[in-house]
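Residue-level listing of the chains:
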Amino acid sequence: MQKKQLNFLLSSLRQLAHFCLMAFFCVSMQAHGQSKKPNIVFLLIDDLGYADCGFNGGKDILTPNIDRLAKEGSILKNHYVQPVCSPTRSALMTGRYPTKTGIYNIITPGAQWGLPLNERTLANALKEAGYHTAITGKWHLGEFEKAYQPNARGFDHQYGHFFGAIDYFTHLRNNQLDWYRNGTPLKEEGYSTHLVAKEACRTIENNDQKKPLFLYVPFNGVHVPFQVPDQYTKAYPNLEGNRKKLAGMLAAVDEAIAQIVASLKKTGMLENTLIVFSSDNGGPRTSKNTPLRDFKATIYEGGTRAAAFAHWPGHVPAGKTIEGAMHIIDWYPTLVTLAGGSLKQALPIDGKDVWPMITKAGKTPHKAILSVSTIGPSQAAIRMGDWKLIVADAEESGGDAKKKQPKNYEPVSLFNLAEDPGESRNLASTYPDKVAELRKELSALLKDAVAPGGK
């Protein structure tokens with residue numbers, strides 16, 4: 001074959017490949033009724049209680065801006081997360097359960113581990129799909145080497161802190177500065193909620209309109225320490241102590257979200273922006289998780305069901321409550337598909353595309369949803385339909401779970417969440433066949449569970 005003919009053939013093949021790629025994007029987006037890639041803003045609130053916000057039943061804290069967004073969108077009544085922050089963040093970033101990543105518990109400062117480097121992140125996938133990607137807020141997935149930090153995990157821009165429990169004003173944690181821009185330490189004055197919002201607004205307003213934006217805003221509010229400027233607590237004379245401070249902290253987050261929405265409006269981006277709102281785990285005891293049982297760090301509903309909603313004018317139905325169960329792992333395939341990206345990757349994805357469930361009142365795509373405790377698969381729960389099984393016994397754990405299980409876990413518990421959302425009646429002895437059915441499914445989900453990271 002002559003050189004001229006070979007060059008012509010190679011050029012034609014490149015053009016064909018480009019055409020096929022564009023066609024794939026178009027088909028993928030049309031499958032979701034979408035012709036233009038949406039901007040995506042993911043708001044993750046730290047330690048928010050299930051019933052702290054008005055849209056989810058809260059009565060004593062004012063969250064008008066959050067509630068307005070929820071009313072204009074669809075509330076996700078059964079949106080599951082992990083019991084603490086790092087596992088939830090890894091599940092969001094990978095679409096994979098902690099049993100695949102080994103992140104069952106909190107990654108501590110200086111720990112010689114993090115989100116495994118072979119994991120493809122949501123930011124990676126969206127960047128490949130043509131998005132500008134940014135994080136403003138808390139990372140909490142490893143920092144001991146640059147390779148574990150956000151800028152190496154698919155984010156074009158990083159601002160905020162790598163760990164939780166920082167001082168809101170000094171940005172210190174254990175007397176060490178934990179505040180960065182693109183991995184470089186940054187000494188900066190200001191209340192962290194205000195600063196995170198300001199950077200998010202700047203990111204929106206400076207975004208190249210030719211590129212869609214993925215903006216991940218994991219606030220450190222309303223996690224401890226309980227700190228807030230005095231003006232935010234003046235509206236709560238009837239509250240006391242840390243509950244009053246938490247109310248002020250949530251009010252500051254509510255104000256921050258209003259500012260982010262205002263920037264989306266200012267730039268003309270709001271109409272083509274999907275906003276997702278969720279807590280990273282159930283609230284601690286200072287929060288309210290009504291009507292759910294227990295709190296953060298447990299695999300009862302109060303630890304693993306998050307206050308959440310989705311908002312996108314003209315795409316997500318307004319004023320709806322979605323009953324179908326989903327897990328934060330589902331946002332990975334859902335958002336990548338909406339973005340026209342590819343889900344072809346080396347590691348299997350546990351999440352499911354929940355867009356039909358959210359937008360067309362469809363059923364959950366899950367047969368079962370898994371929750372794993374902070375000590376690993378020796379304590380785990382599974383939800384199938386209205387039934388939930390919690391197992392914390394020696395048979396499932398190699399013999400050591402009884403030494404570790406909290407006093408409020410029974411070895412085997414079965415609940416009907418439709419009749420008993422507060423998990424107050426253990427029906428295990430009444431429905432042994434149902435226990436056996438769920439236990440079989442749980443064992444299958446835990447079959448190849450990896451050891452906890454850092455071990």
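On a predicted model such as this, the values are computed, not experimentally measured, just so you know.

**Student:** For this particular structure, what's the right way to read the overall build of the protein chain?
**Tutor:** What the protein chain contains, in helices and strands, is 13 helices and 17 strands. Taken over 455 residues, the protein chain has a buried fraction of 57%. Residue pairs in contact within the protein chain that sit at least 24 positions apart in sequence constitute 69% of those at least 6 positions apart. Carbon and sulfur atoms provide 53% of the accessible area of the protein chain, an area that totals close to 19000 Å².

**Student:** Help me understand the packing of aromatic side chains in this model?
**Tutor:** Each pair of aromatic rings is reported with the distance of its centres and the angle of its planes. Enumeration according to the criterion identifies 17 aromatic pairs in this entry. Judged by centre distance (6.5 Å) and plane angle (65 degrees), the ring pair of tyrosine 300 and phenylalanine 415 falls under edge-to-face. Taken together, the positions of tyrosine 300 in the loop between strand S10 (273-279) and helix H8 (301-304) and phenylalanine 415 in strand S17 (residues 412-416) put the pair 115 residues apart, joining distant regions of the chain. Each member of the pair, tyrosine 300 as well as phenylalanine 415, is classed as buried.

**Student:** Help me understand the environment of isoleucine 166, please; the structure alone is not making it clear to me.
**Tutor:** With respect to the element layout, isoleucine 166 can be found in the loop between strand S4 (157-161) and strand S5 (172-173). For isoleucine 166, a relative accessible area of 1% gives the class buried. Sequence separation of isoleucine 166 and histidine 223 is 57 residues, and the distance between their C-alpha atoms is 9.0 Å. Those residues in contact with isoleucine 166 that lie beyond four places of it in its chain are His161, His171, Leu172, Arg173, Asp178, Trp179, Ser192, Asn220, Pro225 and Gln227.

**Student:** So what exactly am I meant to see when it comes to the packing of helix H2 (residues 64-72) against helix H7 (residues 241-266) here?
**Tutor:** In helix packing, the relevant descriptors are the interaxial angle and the interaxial distance, both defined with respect to the helix axes. As a packed pair, H2 and H7 sit with axes 7 Å apart at the nearest point and diverge in direction by 55 degrees. Classified by the angle between their axes, H2 and H7 sit oblique to one another. Packed against H2, whose contacting residues are Pro64, Asn65, Ile66 and Leu69, the element H7 presents Leu250, Asp254, Glu255, Ile257, Ala258 and Val261 at the interface.

**Student:** How should the sheet that holds strand S14 (residues 369-373) be read in this particular structure?
**Tutor:** One key point about sheets: their strands pair by backbone hydrogen bonds, in either a parallel or an antiparallel sense. Taking strand neighbours across the sheet as the criterion, the 4 strands line up as S14-S15-S16-S17 in an open arrangement whose pairing is antiparallel. Of all the strands in the sheet, just S14 and S17 have a single pairing partner and so form its edges. The average undirected angle you get between the axes of adjacent strands in this sheet is 15 degrees.

**Student:** Where do I start with the pairing of S14 in this structure?
**Tutor:** The two faces of the sheet receive side chains in turn, since in a regular strand these alternate between them. By the criterion of burial, S14 is predominantly enclosed, with 5 of the 5 residues buried. Alternating positions in S14 separate into two faces, Ile369, Ser371 and Ser373 on one and Leu370 and Val372 on the other, with burial throughout. Here 5 bridges tie S14 to strand S15 (residues 376-384), and the two strands are oriented antiparallel to one another. Looking at S15, one finds that serine 373 is bridged to glycine 376.

**Student:** I keep staring at the layout of surface pockets and nothing clicks. Help me out?
**Tutor:** If a probe as big as a water molecule is rolled over the atoms, it shows which places are left empty. Of the pockets and cavities examined, the largest pocket occupies roughly 280 Å³. Along the wall of the largest pocket there are 18 residues; nearest its centre are Asn78, Glu323, Arg383, Gly385 and Asp386. When residues of the lining of the largest pocket are assigned to their parent elements, the largest contribution, 3 residues, is made by strand S13 (residues 320-327). Looking at the lining of the largest pocket residue by residue, the classes come out as 7 nonpolar, 5 polar and 6 charged.

**Student:** Is there a simple way to think about the pairing of S4 in this case?
**Tutor:** S4 sits mainly inside the fold: 5 of its 5 residues count as buried. Where strand S3 (residues 132-138) lies against S4, 5 bridges are found, and the strand directions are parallel. If you follow threonine 136 over to S4, its bridge partner there is tyrosine 159.

**Student:** What is the right way to read helix H13 (residues 432-446) from this model?
**Tutor:** Because each turn of an α-helix spans 3.6 residues, side chains separated by three or four positions end up pointing in the same direction. An ideal rise of 1.5 Å per residue puts 21 Å on 15 residues; H13 measures up with 21 Å between its terminal C-alpha atoms. Every buried residue of H13 is listed here: Val435, Leu438, Arg439, Leu442 and Leu446. Relative to the axis of H13, the buried residues are bounded by an arc of 110 degrees and lie together on one face. Exposed and facing more than 90 degrees away from the buried side of H13 are Asp433, Lys440 and Ala444.

**Student:** For this particular structure, what's the right way to read the environment of proline 218?
**Tutor:** Here proline 218 is to be found in strand S9 (residues 213-218). Owing to a relative accessible area of 0%, proline 218 belongs among the buried residues under this scheme. Spatially, the C-alpha atoms of proline 218 and tryptophan 139 are 7.5 Å apart, while their sequence positions differ by 79 residues. Apart from residues lying up to four places away in sequence, proline 218 is in contact with Leu44, Arg89, Ile135, Thr136, Gly137 and Lys138.

**Student:** Is there a simple way to explain H7 in this structure?
**Tutor:** Spanning 26 residues, H7 covers 38 Å between terminal C-alpha atoms, matching the ideal 38 Å at 1.5 Å per step. One or two residues past the end of H7 sits glycine 268, with phi positive at roughly 75 degrees.

**Student:** Can you help me understand empty space enclosed by the protein in this one?
**Tutor:** Counted according to the given criterion, the structure contains 1 cavity of 30 Å³ or more. Considering only enclosed or pocket space, the largest cavity measures out at about 40 Å³ in volume. Lining the largest cavity are Tyr80, Glu301, Thr304, Ile369, Ser371, Ala381, Ile382, Arg383 and Lys388. Residue assignment for the lining of the largest cavity shows that the elements contributing at least two residues are H8, S14 and S15. Of all the elements, S15 adds the most residues to the lining of the largest cavity, at 3 residues. Residues that form the lining of the largest cavity fall into these classes: 4 nonpolar, 2 polar and 3 charged.

**Student:** How should the confidence of the model for the protein chain be read in this particular structure?
**Tutor:** Detailed reading of predicted coordinates is not advised where the pLDDT is low. With 89% of its residues at a pLDDT of at least 70, the protein chain reaches an overall mean of 92. Low pLDDT, under 50, characterises residues 16-34; the predicted model gives this stretch 22 contacts beyond four residues in sequence or across chains. Long-range and interchain partners of residues 394-405, a stretch whose pLDDT sits below 50, account for 20 contacts in this model, where long-range means more than four residues apart.

**Student:** When you look at the packing of helix H6 (residues 192-205) against H7 in this model, what are you seeing that I'm missing?
**Tutor:** Close contact between H6 and H7 brings their axes to 9 Å; oriented N to C, the two are set at 10 degrees. By the criterion of interaxial angle, the relationship of H6 to H7 is roughly parallel. On H7, the residues that touch Thr193, His194, Ala197, Ala200, Cys201, Ile204 and Glu205 of H6 are Ala252, Val253, Glu255, Ala256, Gln259, Ile260, Ser263, Leu264 and Lys266.

Definitions and limits used
- Residues numbered from 1 in each chain as written.
- Predicted model: local features only at pLDDT ≥ 70, side-chain atom pairs only at ≥ 80, totals over all residues.
- Heavy atoms only, no water.
- Helix = DSSP H or I, 4+ residues; strand = E, 2+ residues; numbered from the N terminus.
- Buried < 20%, exposed > 50% of the residue type's maximum accessible area, 1.4 Å probe, protein only.
- Contact = heavy atoms within 4.5 Å.
- Areas by Shrake-Rupley, 256 points an atom, 1.4 Å probe, with all protein chains shown as cover.
- Phe/Tyr/Trp six-rings, centres within 6.5 Å; stacked < 30°, edge-to-face > 60°.
- Axes fitted to C-alpha atoms, helices over the stretch in contact; angles between N-to-C directions.
- Parallel < 35°, antiparallel > 145°, perpendicular 65-115°, else oblique.
- Pairing = 2+ DSSP bridges.
- 1 Å grid on protein atoms, 1.4 Å probe; cavity = no way out; pocket = protein on both sides within 12 Å on 5 of 7 lines; lining within 4 Å.
- Points joined across faces, edges and corners; volume = space filled by probe spheres on them.
- Nonpolar A, V, L, I, M, F, W, Y, C, P; charged D, E, K, R; others polar.
- Expected span 1.5 Å × (residues − 1).
- Arc of directions from axis to C-beta.
- pLDDT = per-residue confidence, 0-100.

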